[in-house]
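Descriptive analysis of the structure
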Amino acid sequence: MVKIMDYGKFKYEAAQKAKETRRNQANTVLKEVRFRLKIEAHDYITKLKRAEGFLQAGDKVKAMILFRGREQSRPEQGVRLLRKFAEDVAEFGTVESNPTIDGRNMVMVVAPHKNKSEVKTEQNAQRAANREAARSAARGDSAPEAQPTSAPAE
């Protein structure tokens with residue numbers, strides 16, 4: 001018996017697979033957080049939270065200290081500030097490049113623990129679970145907890 005292949009169906013399925021791989025693919029972006037050498041505690045915390053958000057989203061963070069005037073004669077204070085920053089974001093990422101002086105700036109790059117595609121797949125799974133829960137609530141299902149969930153246990 002000869003099996004006939006439906007070329008249109010084959011092309012459609014190949015296009016769907018390619019679309020799905022593009023959907024889960026993500027490029028890691030280099031986000032930047034800028035400090036001054038004399039930064040206040042509240043401003044530092046704000047910048048720290050911003051950087052943590054970037055790292056949780058799977059992006060790399062470039063921490064930059066801008067030196068002005070006589071501050072350039074004190075690079076050890078900049079290194080100290082960047083080391084403190086690295087310790088504070090240690091649970092979200094690791095230092096990829098140590099502090100280096102680039103003209104009037106000191107730069108350090110922090111890479112996230114999870115890459116962008118892992119974060120994106122987790123977000124897609126969470127959205128799908130939320131949609132399913134909303135649908136079951138709209139239908140009036142009395143026991144949506146009885147169904148097994150696909151969310152990973154931590």
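Just so we're clear, the structure is a prediction, and the values are computed from it rather than from any experiment.

Counting buried positions along strand β4 (residues 105-112) yields seven of eight residues, so the element is predominantly enclosed. Pairing of strand β2 (residues 60-66) with β4 involves six bridges; the strand directions are antiparallel. By the bridge assignment, Ile65 is partnered in β4 with Met106. With seven bridges connecting them, strand β3 (residues 93-102) and β4 associate as antiparallel partners. Looking at β4, one finds that Ser97 is bridged to Val109. Here β3 folds back onto β4, and the loop between the two strands holds two residues, one of which, Gly103, carries a positive phi near 70°.

For the rest of this paragraph, the subject is the pattern of salt bridges. Inspection of the entire model under this criterion finds five salt bridges. With a closest N to O distance of 3.1 Å, Lys60 and Glu96 form a salt bridge. Here Lys60, found in strand β2, pairs with Glu96, found in strand β3; they are 36 residues apart in sequence, far enough to count as distant. Via salt bridges that share partners, Glu32, Arg34 and Lys62 belong to a single interconnected network.

The rules behind the values
Position labels on residues start from 1 in each chain and follow its written sequence. In view of the model being predicted, local features appear only for residues whose pLDDT reaches at least 70, and side-chain atom pairs are presented and counted only at 80 or more, with totals across whole chains, interfaces and linings using the full set of residues. Hydrogen atoms and water are omitted, and side-chain values are computed over all heavy atoms in the structure. The classification of residues rests on relative accessible area computed with a 1.4 Å probe and restricted to protein chains. Under 20% of the type maximum is buried, over 50% is exposed, and intermediate values are partly exposed. Here a strand is any run of E in DSSP of at least two residues, a helix any run of H or I of at least four, and the numbering for each starts at the N terminus. Following DSSP output, two strands are said to pair if at least two bridges run between them. Criterion for a salt bridge: a side-chain nitrogen of Lys or Arg within 4 Å of a carboxyl oxygen of Asp or Glu.

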